[in-house]
Amino acid sequence: MDVLVVGGHGKIALRLLGLLAARGDRARGLIRKPEQAAALEAVGAIPVLGDLEAAASLEAQVKGADAVVFAAGAGPGSGSERKATVDLGGAVKLTEAAKALGVRRYVMISSIGAERPEAASGSMLPYLEAKAEADRHLIASGLDYTVIRPGALTDDPGTGRVRLTTELGGRAPVSRADVAAVLAEVLRTPSTIGVVAELFTGDVPIPEAVQALRPAR
């Protein structure tokens, strides 16, 4: 499988790219700065240069992909404008490029709380508003989507055991390593198409937890 991960230099993305490369997929990561390429190459991934905010289209980068993953984010220190151009605008550009090129599979890293952004305050409000709108745009796109909303992210070692649920509104932590492992498993599990799920540390082995996912009725 050829997988393009947008936001390829991020902490989850690098872990995901390493997992994909290790299992024999063509793992490509979209990066903005040439100096970020070495980190991708170190995990066996192929760096793809492109500016998520400045580019009018991502079609050149998406071309040839079997699936895309949106793992980009403006970051906690960014203002509302960058959250709009990266977390929302970047996700929409990736959706439109995938549609234009017939790339059906799209996996989105979203955020807990995106189902009720109006409940947030301060800097979380524009962030969750951007995530919510990006999710809505993808869900309405007709693509084969899966939206994963991780809890509070940690850099703890992965446990390989998680809680994945389509009942939204939970709160709990999860390691970036386990998020990456779930994304890798989702990409090869067609039954997760149409799923919006929250992800936390839990007790169920990742393959089993992913296999159990079905779209909410």
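Above this text sits the structure in question.
Structure report, in brief. (Residues numbered from 1 in each chain as written. Predicted model: local features only at pLDDT ≥ 70, side-chain atom pairs only at ≥ 80, totals over all residues. Heavy atoms only, no water.)

## Regarding the side chain of serine 141
Argument step 1. By the element assignment, serine 141 lies in the loop between helix H5 (124-139) and strand S6 (144-150).
Argument step 2. Serine 141 gets classed as buried once you look at its relative accessible area, which sits at 14%.
Argument step 3. Engagement of the side chain of serine 141 in a polar contact is seen with the backbone nitrogen of leucine 143, the distance being 3.1 Å.
Argument step 4. When near neighbours in sequence (up to four residues on either side) are disregarded, serine 141 contacts Thr95 and Lys99. (Helix = DSSP H or I, 4+ residues; strand = E, 2+ residues; numbered from the N terminus. Buried < 20%, exposed > 50% of the residue type's maximum accessible area, 1.4 Å probe, protein only. Polar contact = N/O pair within 3.5 Å; in protein donor to acceptor, adjacent residues only side chain to side chain. Contact = heavy atoms within 4.5 Å.)

## Remarks on helix H4 (residues 80-101)
Argument step 1. Taking 1.5 Å of rise per residue, the 22 residues of H4 would be expected to cover 32 Å, and the 30 Å separating its terminal C-alpha atoms lies within 8% of that figure.
Argument step 2. Maximum bend of H4: about 35 degrees, positioned at glycine 89.
Argument step 3. Of the residues making up H4, those classed as buried are Lys83, Val86, Asp87, Gly90, Ala91, Lys93, Leu94, Thr95, Ala97 and Ala98.
Argument step 4. Residues of H4 that are buried make contact with strand S1 (2-6), helix H3 (59-62), strand S4 (67-70), strand S5 (105-109) and H5.
Argument step 5. In the stretch just after H4, glycine 102 is the one whose phi turns positive, near 75 degrees. (Expected span 1.5 Å × (residues − 1). Bend = angle between axes of the 7 residues up to and from the residue.)

## Description of the nonpolar core
Argument step 1. Ranked by size, the top nonpolar core spans 35 residues in total, and within it Val5, Leu16, Leu20, Leu164, Val182, Leu183 and Leu199 carry the most contacts.
Argument step 2. If near-sequence neighbours (up to four positions away) are discounted, leucine 164 is found in contact with Ile148, Val182, Ala197, Glu198, Leu199, Ala209, Val210 and Leu213.
Argument step 3. Grouped together as the second largest cluster of nonpolar side chains are 27 residues, Val6, Val48, Val68 and Val103 included. (Core = buried A, V, L, I, M, F, W, Y, C linked by side-chain atoms within 4.5 Å.)

## With respect to the sheet that holds S4
Argument step 1. Here we have nine strands laid out as an open sheet, ordered S3-S2-S1-S4-S5-S6-S10-S8-S11, and mixed in their pairing. The strands lining the two open edges of the sheet, one partner per strand, are strand S3 (46-49) and strand S11 (204-205).
Argument step 2. Pairing of S6 with strand S10 (residues 195-201) involves five bridges; the strand directions are parallel. Residue isoleucine 148 lies in a different strand from S10, and its bridge partner there is alanine 197.
Argument step 3. Sheet strands in contact with helix H6 (residues 176-187) are S1, S4, S5, S6, strand S8 (161-165) and S10, and its direction is about 165 degrees off that of S5. (Pairing = 2+ DSSP bridges. Axes fitted to C-alpha atoms, helices over the stretch in contact; angles between N-to-C directions.)

## Regarding the environment of leucine 52
Argument step 1. On the secondary structure map, leucine 52 appears in the loop between S3 and H3.
Argument step 2. Leucine 52 gets classed as buried once you look at its relative accessible area, which sits at 10%.
Argument step 3. Sequence-wise, leucine 52 and lysine 93 are 41 residues apart; in three dimensions their C-alpha atoms are separated by 8.1 Å.
Argument step 4. Not counting the four nearest positions on each side in its chain, leucine 52 is found in contact with Val6, Leu30, Leu58, Phe70, Ala72, Val86, Gly90 and Lys93.

## A few points about the pattern of salt bridges
Argument step 1. Applying the stated criterion to the full structure yields 15 salt bridges.
Argument step 2. With a closest N to O distance of 3.9 Å, arginine 116 and glutamate 118 form a salt bridge.
Argument step 3. Looking at glutamate 118, the relative accessible area reads 57%, which means it is exposed.
Argument step 4. We note a salt bridge from glutamate 185 to arginine 188, for which the minimum N-O separation is 3.3 Å.
Argument step 5. Residue classification places glutamate 185 among the buried positions, given a relative accessible area of 12%.
Argument step 6. Each member of the salt-bridge network shares a partner with another, and the members are Lys11, Arg15, Asp155 and Arg176. (Salt bridge = Lys/Arg side-chain N within 4 Å of Asp/Glu carboxyl O.)

## Things to note about the environment of leucine 213
Argument step 1. By the secondary structure assignment, leucine 213 is in the segment after helix H7 (206-211).
Argument step 2. Relative accessible area serves as the criterion here: at 3%, leucine 213 is assigned to the buried category.
Argument step 3. In the structure, leucine 213 is positioned 202 residues away from lysine 11 in sequence and 25 Å away in space, judged by C-alpha atoms.
Argument step 4. If sequence neighbours within four positions are ignored, leucine 213 has contacts with Leu164, Thr166, Ser191, Thr192, Val195 and Ala197.

## Here we look at the pairing of S4
Argument step 1. Of the two faces of S4, both are covered, the one formed by Ala67 and Val69 as well as the one formed by Val68 and Phe70.
Argument step 2. Here S1 pairs with S4 via four bridges, running parallel. Bridging from a neighbouring strand, valine 5 pairs with valine 69 of S4.
Argument step 3. Relative to S5, S4 runs parallel, the two sharing four bridges. Across the sheet, the residue bridging to valine 69 is valine 107, located in S5.

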